[in-house]
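# Understanding the architecture of this molecule
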Amino acid sequence: MDVSVMFRQAVDAAIEFPIVTSFTSIGPAIRRRLDGWTPLGDYDLTGRVVVLTGATSGLGAAAAARFAGLGADLVIVGRDRERTEASAASLGELGAGEVTAVIADMGELADVGTAAETILTRYPVVHVLVHNAGALVDERRTTSAGHEATVASQVYGPHLLTRKLLPALRAARPGRVLTMSSGGMYTADLEIADLEMDADSYTGTQQYARAKRAQVALAEKWAARVDTGEVVFHTLHPGWADTPGVEDALPGFHRVLGPVLRSAEQGADTLVWLTCDDEALTSSGDFWLDRRRRTTHRLPSTKRSDTPERRAELWAHVEAQLGQ
């Protein structure tokens, strides 16, 4: 192995191990120079259709601005009509591509189905689907179908949208499906029967972590099912970013680490890079941080729970919730 490659790997591993240096703004500040990152502004998305959920604030807003600025035809999916349409209007001024607002709550499966039909009517080819919508909430909420809202919006809804848009993604040859997970998933086992926490045991952080773990496992199942030449599937986490969602949901965490949290733009960097760069097409089913593939387990307990049999059970469980 080349000495320079060995050096970069050693430095990256040294940053990754303590977590704090990896997940905060320290990580991208060092890795950008270490690996010689291509500036995002050097890419061109002209003629590519990007569908993005959760684009009105935080990481999604930062990514949407980049996509629009790089010339993509951008479809933003959001549940709040006023905010989503206002975002679309603002984004439309940043680039030459079309920006379309589609209104849907990702936790309401009927909404998701209607959104998919709307998108397919306008865009028979979708180059990139980005699952970014979702929030960490303290109180247990349910959808109209009775599902716990975090799991519905971050697991069931995205799975359904992927399935509905798969023909259009395949038409891109290859399409890309990218899911914004979270470093919080490192704390969670892969759950099936207890994926949706009940009211007595509910904690927002743990429910969020379970949903994020499920996202990663499902993406790997999608990657195993769909030929890499047709569609690639990747998950990633943004590190610890300073977003309105983090400030609202984790005020203590935000207060202590605020000075070293990543900006939304830093948190969205790898998402935009995976959307643009050909490196994303060389594999499928990987988990990323700061433009590098990462392990999906840091604890022995979570690794023991994440068996092929349990992943198959998770896939069957999710399909069953969608009525399949």
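What comes next concerns the included structure. Note that the structure is a prediction, hence the values are computed from the model and not measured. (Residues numbered from 1 in each chain as written. Predicted model: local features only at pLDDT ≥ 70, side-chain atom pairs only at ≥ 80, totals over all residues. Heavy atoms only, no water.)

## Quick look at the pairing of strand 2 (residues 73–78)
Among the six residues in strand 2, six count as buried, and that is most of the element. Alternating residues of strand 2 divide into Asp73, Val75 and Val77 and Leu74, Ile76 and Gly78, and every residue in both groups is buried. Looking at chain direction, strand 1 (residues 49–53) and strand 2 are connected through five bridges and run parallel. Residue pairing in the sheet places Val49 in a bridge with Asp73 of strand 2. Viewed along the sheet, the connection from strand 1 through helix 4 (residues 58–69) into strand 2 turns out right-handed. Pairing geometry for strand 2 and strand 3 (residues 99–103), over five bridges, is parallel. (Buried < 20%, exposed > 50% of the residue type's maximum accessible area, 1.4 Å probe, protein only. Helix = DSSP H or I, 4+ residues; strand = E, 2+ residues; numbered from the N terminus. Pairing = 2+ DSSP bridges. Right-handed = clockwise from strand over helix to strand, strands pointing away.)

## Some details on helix 13 (residues 308–321)
In this model, helix 13 (14 residues) spans 20 Å end to end at C-alpha, consistent with the 20 Å of a helix rising 1.5 Å per residue. All of the buried residues along helix 13 are Arg311, Leu314, Trp315, His317, Val318 and Glu319. Contacts from the buried residues of helix 13 go to helix 7 (149–172) and helix 8 (204–225). (Expected span 1.5 Å × (residues − 1). Contact = heavy atoms within 4.5 Å.)

## Observations concerning the packing of helix 4 against helix 11 (residues 264–276)
Put simply, helix 4 and helix 11 touch, their axes get as near as 8 Å, and they point 50° apart. What the angle tells us is that helix 4 and helix 11 run oblique. In this structure, the crossing between helix 4 and helix 11 has a hand that is right-handed. Contact residues: helix 4 offers Gly58, Leu59, Ala62, Ala63, Arg66 and Phe67, while helix 11 offers Ala264, Glu265, Gly267, Ala268, Leu271, Val272 and Thr275. Broken down by class, the residue content of the contact of helix 4 with helix 11 amounts to eight nonpolar, three polar and two charged. (Axes fitted to C-alpha atoms, helices over the stretch in contact; angles between N-to-C directions. Parallel < 35°, antiparallel > 145°, perpendicular 65-115°, else oblique. Left-handed = near helix turned anticlockwise from the far one by under 90°. Nonpolar A, V, L, I, M, F, W, Y, C, P; charged D, E, K, R; others polar.)

## Here's the deal with the nonpolar core
Among the nonpolar cores identified, the biggest contains 42 residues, and Val77, Ile119, Val126, Val155, Tyr156, Phe233 and Leu314 are the most heavily contacted of them. Secondary-structure elements contributing two or more residues to this core are strand 1, strand 2, helix 6 (109–122), helix 7, helix 8, strand 6 (231–236) and helix 13. In this view, Val126 contacts Val49, Val51, Ile119, Ala168, Leu169, Ala172 and Gly175; residues no more than four positions away in its chain are not counted. (Core = buried A, V, L, I, M, F, W, Y, C linked by side-chain atoms within 4.5 Å.)

## Quick notes on the sheet that holds strand 7 (residues 286–289)
Strands sit in the order 3-2-1-4-5-6-7-8 across an open sheet of eight strands; the sheet is mixed. Two strands bound the open sheet, and with one partner strand each, they are strand 3 and strand 8 (292–293). Bridge count for strand 1 against strand 4 (residues 128–131) is three bridges, and the pairing is parallel. Across the sheet, residue Val51 finds its bridge partner in strand 4, namely Leu129. Relative to strand 3, helix 5 (residues 81–91) is tilted by about 170°, and along the sheet it contacts strand 2 and strand 3.

## Some thoughts on the pattern of salt bridges
By the definition in use, this model includes 20 salt bridges. In this structure, Asp12 and Arg31 form a salt bridge, with 2.7 Å as the shortest nitrogen-oxygen distance. Taken together, the residues Asp12 in helix 1 (residues 3–16) and Arg31 in helix 3 (residues 26–35) connect sequence positions 19 residues apart. Judged by its relative accessible area of 5%, Asp12 is buried. Given the relative accessible area of 0%, Arg31 is considered buried. Taking the shortest distance from any N to any O, the salt bridge between Glu230 and Arg170 comes out at 2.7 Å. Taken together, the residues span a long stretch of sequence, with Glu230 in the loop between helix 8 and strand 6 and Arg170 in helix 7 at a distance of 60 residues. A relative accessible area of 32% places Arg170 in the partly exposed class. (Salt bridge = Lys/Arg side-chain N within 4 Å of Asp/Glu carboxyl O.)

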